[in-house]
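Understanding the architecture of this molecule
Here's the letter readout for the chains.
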Amino acid sequence: MYAAIYCRKSVSTQRGESMQSQLAICRGYLAAHRSAEIAADAWIYQDEGFSGAAMQRPAMQRLLGDVRARLISCVVCYRLDRISRSVADFTALMEEFSRFHVDFLCASEEFDTAKPMGRAMLYIASVFSQLERETLAERVRDNMYTLAADGRWLGGPPPYGFRIRRMPPPHPYSVLFPDAEEQETVRMIFSLFRAFRDVEQTEKAVTNFRSRTGKPFSARYLRCILRNPVYAAADADAARFLQSQGWKIAFSPCEAEECGMLAFGKRPNSGAAEPLVTRGLHPALISGKEYAEIQYQLGFSKRSGLGLSGLLQQILRCGICGGEMFCKFRNGRNGQFDYICKRKARQKSCICANLNGNKADAATWKAVCDAMGFSAVVRAAGESDRRALLQICVEKAEWDGDSLRLTLRSR
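In short, a report on the structure. (Residues numbered from 1 in each chain as written. Predicted model: local features only at pLDDT ≥ 70, side-chain atom pairs only at ≥ 80, totals over all residues. Heavy atoms only, no water.)

Describing the nonpolar core
F190, I225, L226, Y231, L242 and M261 are the most contacted members of the largest nonpolar core, which totals 37 residues. The set of elements that each furnish at least two residues to this core consists of α7 (180–196), α9 (219–227), α10 (236–244), β9 (259–264) and α11 (288–300). If you tally residues by element for this core, the top one is α7, at five residues. Sequence-distant contacts of I225, that is, excluding residues within four places in its chain, are made with Y160, V186, I189, F190, F217 and Y231. Judged by nonpolar contacts, the second largest core, of 24 residues, contains L316, C318, C350 and L390. (Core = buried A, V, L, I, M, F, W, Y, C linked by side-chain atoms within 4.5 Å. Buried < 20%, exposed > 50% of the residue type's maximum accessible area, 1.4 Å probe, protein only. Helix = DSSP H or I, 4+ residues; strand = E, 2+ residues; numbered from the N terminus. Contact = heavy atoms within 4.5 Å.)

Things to note about the packing of α7 against α9
Where α7 meets α9, the closest approach of the two axes is 11 Å, and the angle between their N-to-C directions is 95 degrees. When the axis of α7 is compared with that of α9, the two are roughly perpendicular. Across from V186, I189, F190 and F193 in α7, the residues of α9 making contact are L222, I225 and L226. Along the lines of polarity and charge, the residues of the contact of α7 with α9 split into seven nonpolar, no polar and no charged. (Axes fitted to C-alpha atoms, helices over the stretch in contact; angles between N-to-C directions. Parallel < 35°, antiparallel > 145°, perpendicular 65-115°, else oblique. Nonpolar A, V, L, I, M, F, W, Y, C, P; charged D, E, K, R; others polar.)

Considerations on helix α13 (residues 357–372)
Look at α13: 22 Å from first C-alpha to last across 16 residues, which is about the 22 Å you get at 1.5 Å a residue. Among all positions of α13, only G357, A360, D361, T364, W365, V368, C369 and M372 are buried. All buried residues of α13 project into a common sector of 155 degrees when viewed along the axis, lining one side. Facing away from the buried side of α13, by more than 90 degrees, are the exposed residues K359 and K366. Buried residues belonging to α13 abut β15 (337–341), β16 (355–356), α14 (376–379), α15 (383–393), β17 (394–399) and β18 (404–408). By the N-cap criterion, in which a side-chain oxygen at the helix start approaches the backbone nitrogen of a residue two or three places on, α13 is capped by N356, the distance to N358 being 3.2 Å. Of the residues trailing α13, G373 is marked for its positive phi of about 70 degrees. (Expected span 1.5 Å × (residues − 1). Arc of directions from axis to C-beta. Polar contact = N/O pair within 3.5 Å; in protein donor to acceptor, adjacent residues only side chain to side chain.)

As for the pattern of salt bridges
With the rule as written, the count across this model stands at 15 salt bridges. The partner of R99 in a salt bridge is E96, with the nearest N and O atoms 2.5 Å apart. Residue R99 and its partner E96 are located together in helix α5 (residues 87–99), separated by three residues, close to a single helical turn. Relative accessible area serves as the criterion here: at 48%, R99 is assigned to the partly exposed category. Overall, E96 belongs to the buried group, its relative accessible area being 12%. For D179, the salt bridge is made with R163, and the minimal N-O distance between the two is 2.9 Å. (Salt bridge = Lys/Arg side-chain N within 4 Å of Asp/Glu carboxyl O.)

Considering the side chain of E182
For E182, the position within the fold is in helix α7. Taking relative accessible area as the criterion, E182 reaches 6% and is therefore assigned buried. A polar contact of 2.9 Å, which involves the side chain of E182, links it to the side chain of R212.

Focus: α10
When α10 is considered as a whole, its buried residues turn out to be A236, A238, A239, F241 and L242. G246 sits one or two residues past α10 and shows a positive phi near 95 degrees.

A look at the packing of aromatic side chains
For the structure shown, the criterion picks out 11 aromatic pairs. Here Y2 and W43 contribute two aromatic rings whose centre-to-centre distance is 4.6 Å and whose plane-to-plane angle is 25 degrees, an arrangement assigned as stacked. Pair noted here: Y2 is in strand β1 (residues 2–9) and W43 is in strand β2 (residues 43–48), with a separation of 41 residues, a long-range link. Residue class for W43 comes out partly exposed when judged on its relative accessible area of 27%. On the basis of an interplanar angle of 35 degrees and a centroid distance of 6.2 Å, the ring pair of W365 and F374 is categorised as tilted. Both residues of the pair, W365 and F374, belong to the buried class. Following the ring pairs from residue to residue traces out a cluster consisting of Y160, F217 and Y221. Across the ring face of F177, the terminal group of R165 is positioned such that the distance to the ring centre comes to 4.2 Å. (Phe/Tyr/Trp six-rings, centres within 6.5 Å; stacked < 30°, edge-to-face > 60°. Lys NZ or Arg CZ within 6 Å of the ring centre and 35° of its normal.)

Regarding the packing of α13 against α15
As a packed pair, α13 and α15 sit with axes 11 Å apart at the nearest point and diverge in direction by 60 degrees. As the angle between them shows, α13 and α15 are arranged oblique. The element α13 and its partner α15 pack so that their crossing is left-handed. Between α13 and α15, the contacting residues are T364, W365, V368 and M372 on the first element and R386, L389, L390 and C393 on the second. (Left-handed = near helix turned anticlockwise from the far one by under 90°.)

What follows is the structure, encoded as structure tokens:
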């Protein structure tokens, strides 16, 4: 069996502890606490450019494979946070090492799991390692949000219709400024969607236009443009709509506003940091009222987001995890679709069974009509009218994999 030296560096730079210096320190520590022969024959595992927040690192996975093959007797690293910055991952890793009788040594903190005190101090240090990572992430996020509140562009490629302009000293920062040619295209896209009320029809109408990469506008790219708050005025209508969708508003909305908005953070209901919307320094292309109407229409269009839009789209929630449920066509079944929990589909973190969308929509419409006493004329309404009525009548809908529960608004 062999000793293993594990080295990791988050970014490929020459600053900080280089991979070579980590390796040298670990080899010296191994020679001092085991033997020079073991240190010379040690197997090397190096992950450069990988964060310690996750375990899916190439060299780490190779190391775990060799540990499970019983080829490794001990593992040494330069510092505790080189091996992991997550308490949960670190605990699981230590249990894995213990299962295969592998000692763990840390050169800078001088932890040795062969001794009881070393094992105890190791877990205490792992807690502070995770605290350091989370505190640093929180400081960076808070600083970015503070800068964003001033309308600054914080980085990344600018949205279609804008370029980035670097303001001069003494306080240089980046802002968005309009690209005249692209903005005309964006105005046309919004105008066409309001006329067709359908993304696919809008896509067909702009086949002669090209994105920055030279490709035709796809339906998915058009949805990104239509949903982006950057084109909408930071007015009261936009603020009300975005607040209803879970966004934090970091500006004082006015009835009439000429500046557009900037959105930061992940989408609402993602479990991440609170998403933020600020007033930008760039001109708006549409009003907040137009933006809100377009968002509602996107939710009702034939295909929305990850799938089509059923009657319960934007209403139905998972009764197990509380996550949003979306519609998805069944393969090879024309017109047949299911409601699926987003957390189940994206993160594999929910076990809720899918709901037959066609049967659920029919049963829901009948139940609502009976409860509200709708007339025969209303019961025969078209799909778009049914969807609009359900948005008004149904306060909440939940599916737990076994039963569908509806909560109606009081008349």
